[in-house]
Amino acid sequence: MTLVTKGAARVGRSVLAFMTVVASATVIASAALAADQPFAAPQAVERAAPVGAGSLLQVTFSLLLVLGAVFAAAWLVRRLRGLGGPGTEAIRVVAATALGAKERAVLVQVGKQQLLLGVTPGQVSLLHTLNESIDVNAPRGNDAGDAALKPEFKAILKRSLGLK
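Analysis parameters
- Residues numbered from 1 in each chain as written.
- Predicted model: local features only at pLDDT ≥ 70, side-chain atom pairs only at ≥ 80, totals over all residues.
- Heavy atoms only, no water.
- Helix = DSSP H or I, 4+ residues; strand = E, 2+ residues; numbered from the N terminus.
- Buried < 20%, exposed > 50% of the residue type's maximum accessible area, 1.4 Å probe, protein only.
- Contact = heavy atoms within 4.5 Å.
- Areas by Shrake-Rupley, 256 points an atom, 1.4 Å probe, with all protein chains shown as cover.
- Core = buried A, V, L, I, M, F, W, Y, C linked by side-chain atoms within 4.5 Å.

**Thoughts on the overall build of the chain**
Part 1 of the argument: Secondary structure assignment for the chain yields 3 helices and 4 strands.
Part 2 of the argument: Its helices and strands in sequence order give the chain the pattern α-α-β-β-β-β-α, from N to C terminus.
Part 3 of the argument: Looking at the chain residue by residue over its 164 residues, the buried ones come to 13%.
Part 4 of the argument: Across the chain, contacts joining residues at least 24 apart in sequence account for 32% of those joining residues at least 6 apart.
Part 5 of the argument: Accessible area for the chain stands at about 13,100 Å²; split by element, carbon and sulfur atoms hold 64% of it.

So this is what it looks like as C-alpha cells:
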C-alpha cells in the first residue's frame, strides 16, 4: 500500500468518523423530540395541523445543519490531505521552473536520488539523473550564489536535451 493510499484511507476514516458523530447527534435529537409524544395514540386519529411558520423554520434549520456538515467534512478532508509529516513522503518536489506556457522542468527527490523531469500536458520525461543532490533550501549569501546555481541548471538542461 503506497503512502498516498494510506493517507487517503486515513482521511476517509476521519470523514467517516465525523459523519458518524453527526448522524448520532441527529438520531439523539430525534429521539428526544419523539419522547414527548406517545408512540401510539389511544384515541381516534386527529386531523394533522396545518403547516405553519414553526415547521418551515425547523425544516430550514435542518437543511442548514446538513449543509454545514457537508461543508465541514469537505474542509476537514482538504485540511487532512497534507497531514502525514515531512518525513513520510517518499517522493518530494524539490524545485520547479516554467519553461513555457504549459511546460515545466521539475527537480524531484526520490529517496536519496534527485531526478530532473520535463513535464508537459501529455508527457513526463526523465531529462537527467543528478550525481550530487542540490539543496535549494541552503542559505545563499548574495546574488553571486544565485548566479552560480542558474548556469549549472541551465547547463544540465541543455546537456540533457542534447543541445550542448
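There is more to say after this.
**Points about the nonpolar core**
Part 1 of the argument: In this structure, V94, A105, L107, L116, L127, L130, I134, I156 and L157 together form the largest nonpolar core, which totals 9 residues.
Part 2 of the argument: Secondary structure elements with two or more residues in this core: strand 2 (104–110), strand 4 (123–130) and helix 3 (143–161).
Part 3 of the argument: Other than its neighbours up to four places away in sequence, L157 contacts L99, L116 and L127.

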